[in-house]
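Fold and geometry: a report
Below are the chains, spelled out letter by letter.
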Amino acid sequence: MNERDSAAVATMLRGKGYSIVENELDADVVLLNTCSIRDQAEQKAIGKAGHLTKRKRKNPNLILGIMGCMAQNRGGALIDSLPDLDLIVGTQKFHRIPDHLDHIIATLNGLGPKPDSVVDLEEESGSQNTIKSHDEETVQVAAFVSIMQGCNMKCSYCIVPKTRGVERARPMEDIIDEIKKLVYNGTREVTLLGQIVNQYAVREFPFVNKKSPFVQLLERIHEIDGIERIRFTSPHPIGFRDDLINCYARLPKLCEYLHFPMQSGSNRILKAMRRPYTIEKFGEIISKIRAVRPDIYISTDVIVGFPGETDEDFGLTCQAFEAFGFDMAYLFKYSMRPGTTAERLGDPIPQYIKEKRNQILLNILREQSLVRNKALIGKVEEVLFEGPAKKGVNMFMGRTRGHRKVFVQATPRLIGQLARVKITNVTSSTLMGELLLEGVESVENFVYA
Ligand code: SAH
Ligand code: SF4
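Residues numbered from 1 in each chain as written. Chains lettered and ligands numbered in written order. Predicted model: local features only at pLDDT ≥ 70, side-chain atom pairs only at ≥ 80, totals over all residues. Heavy atoms only, no water.

1. What to know about the site of ligand 2
The line we're drawing: The cutoff for a nearby residue is simple: one of its non-hydrogen atoms must lie within 4 Å of the molecule or strand. For this classification, Asp, Glu, Lys and Arg are treated as charged, while Ala, Val, Leu, Ile, Met, Phe, Trp, Tyr, Cys and Pro are nonpolar and the rest, including Gly, are polar.
Contacts to ligand 2 come from Cys-151, Met-153, Cys-155, Tyr-157, Cys-158, Val-160, Pro-161, Gln-195, Ile-196 and Arg-275. The residue inventory of the shell around ligand 2, partitioned by class, reads eight nonpolar, one polar and one charged.

In structure tokens, the structure reads:
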């Protein structure tokens, strides 16, 4: 989500005549987009901002801003610790950044009094509709599309409702327009973003034939010519009903990949986390999806070391990892966040136990993922090529429908194309393959490239 917000702000700035430089040392303006989900993320941003303020002391014309969740969470107090900051912009004010910069630059150029730091953290109705523009100069084969902002849940550990505000959906027509523009510019895959995507617009739009607004949105996107793949993140077990499950049977462009955050395998911990489902209910949804898409890949989010998590609770999480056959997971060590309801529980689980539990889950994942990847050797997968690989001569990176990274020797003409690739070698996290020429959409391009 932060990546998408940063890209949208960069596009707004380009529209005003700014250019984005490759190296931060060349920049006249540096904006840090920040995360508050764990204390570590905030400390990292504060450390980085500290370094930048040292540079600013040598070059007072350097403009420094902090945007996003930490700006929202810590607010004006950031100025007390980092008085050199020029700009603090909250999560509902990203679209105001170009104007704020214009103002700051005008005052630096002597066109006004030396300003105080600009702090803009208010809520703004309609701000969810401002994260919509994409850089038209570059082709994004796979693009993120933000469909909503905020969250109305009250998970006891989570700071997001405080930093991102209440749930606000974008109008369906705006989202469809945005995706059509992306397609025009070369996009073939979209990932819809929201804190609980399947709750999209439940208050704003009616259910039609028992289909939720999110399912209606998926159907509309599915009809767009040029879009070949649809993904979304993150859904929540709440509201993951049959209408959405059936999409996996009905909508072939909906990829056989689901990111489905579980958080814990223990009902006792789920309750303490205020996650309003049981592990049985969570498993039931997975079983129903596998019944209609047996080859689906599933990833999850898990927190280890939530206050009160015993070895037995953690054992249930390990069991769930095996029972549900997760292919990938984001593993988080619990971090106590000020202002959340879990704050009063403190952070009693020692770091070394969190580390140990994290490692155990990583090992389970690696094994499961390797078994699944090995089964692909010799098989042919549909791959969408996104760009050059970071390493290797003539190596390009694409993804399978199951979201696995594949590395293939190819030519740049392949970028943005779907191709059939024979898998030749695997690790637990990546696949290597050979291009099957008859599967390339435009063979001519490939042969003569
Ligand atoms: N809305 C999504 C999650 C968004 S936050 C959902 O409910 O599924 C991304 C992930 O960060 C969460 O799924 C959770 O696993 C992790 N997380 C959130 N707060 C955390 C905390 N205080 N400590 C550690 N991990 C946390
Ligand atoms: Fe946080 Fe829970 Fe909302 Fe996800 S659903 S953003 S974990 S409060």
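Resuming the write-up.
2. Some details on the packing of helix α7 (residues 172-184) against helix α8 (residues 213-222)
Here is the rule we go by: Think of each axis as a best-fit line through the C-alpha atoms, taken over the contacting stretch in the case of a helix, with angles from 0 to 180 degrees between the N-to-C directions. Comment: elements are numbered from the N terminus, with helices defined as DSSP H or I runs of at least four residues and strands as E runs of at least two. Each angle receives one of four descriptions, namely roughly parallel if under 35 degrees, roughly antiparallel if over 145, roughly perpendicular if within 65 to 115, and oblique otherwise. Helix crossings get a hand from a simple test, with the near helix turned counterclockwise from the far one by less than a right angle marking a left-handed crossing and a clockwise turn marking a right-handed one. In what follows, residue pairs with any heavy atoms lying within 4.5 Å of each other are defined as contacts.
Running from N to C, α7 and α8 point in directions that differ by 30°, and their axes come no closer than 11 Å. Viewed along their axes, α7 and α8 adopt a mutual orientation that is roughly parallel. Judged by the twist between their axes, the crossing of α7 over α8 is right-handed. Every residue of α8 that contacts α7 at Met-172, Glu-173, Ile-175, Ile-176 and Ile-179 is listed here: Pro-213, Gln-216, Leu-217, Arg-220 and Ile-221. When grouped by side-chain class, the residues that make up the contact of α7 with α8 number seven nonpolar, one polar and two charged.

3. Observations regarding the sheet that holds strand β2 (residues 63-68)
Convention followed: Any two strands between which DSSP finds at least two bridges are classified as paired.
Strand order in this open sheet of four strands is β1-β2-β3-β4, and the pairing throughout is parallel. In the strand order of this sheet, the two ends are held by β1 (29-34) and β4 (118-120), each with one partner. Between one strand axis and the next, the sheet turns by 10° as a mean value, whatever way the strands run. Across three bridges, β2 lies against strand β3 (residues 87-89) in parallel orientation. Considered in β3, the bridge of Met-67 is made with Val-89. Contacts from helix α2 (residues 39-58) reach β1 and β2, with the element oriented near 170° to β1. Contacts from helix α5 (residues 97-108) reach β1, β2, β3 and β4, with the element oriented near 160° to β2.

4. Some words on the sheet that holds strand β9 (residues 229-233)
Read across the open sheet, the three strands follow the order β5-β8-β9; overall the sheet is parallel. Lying at the two open borders of the sheet, with one neighbouring strand each, are β5 (142-146) and β9. Pairwise comparison of adjacent strand axes, ignoring direction, gives a mean angle of 25° for this sheet. For strand β8 (residues 189-193) and β9, the ladder comprises five bridges, and the chain directions are parallel. When the sheet's bridge partners are listed, Glu-189 is paired in β9 with Arg-229. Docked against the sheet, α7 engages β5 and β8, running at close to 165° with respect to β5.

5. Regarding the pairing of strand β17 (residues 430-436)
Counted only if it meets this: Partly exposed residues are those whose accessible area sits between 20% and 50% of the maximum for their type, while under 20% is buried and over 50% is exposed, using a 1.4 Å probe and protein chains only.
For β17, the buried fraction is high: five of the seven residues fall into the buried class. Taken together, the four bridges between strand β15 (residues 405-409) and β17 define a ladder with parallel strand orientation. By the bridge assignment for β17, Val-406 is matched with Leu-431. Once strand β16 (residues 418-426) ends, the chain turns through three residues before running back antiparallel as β17.

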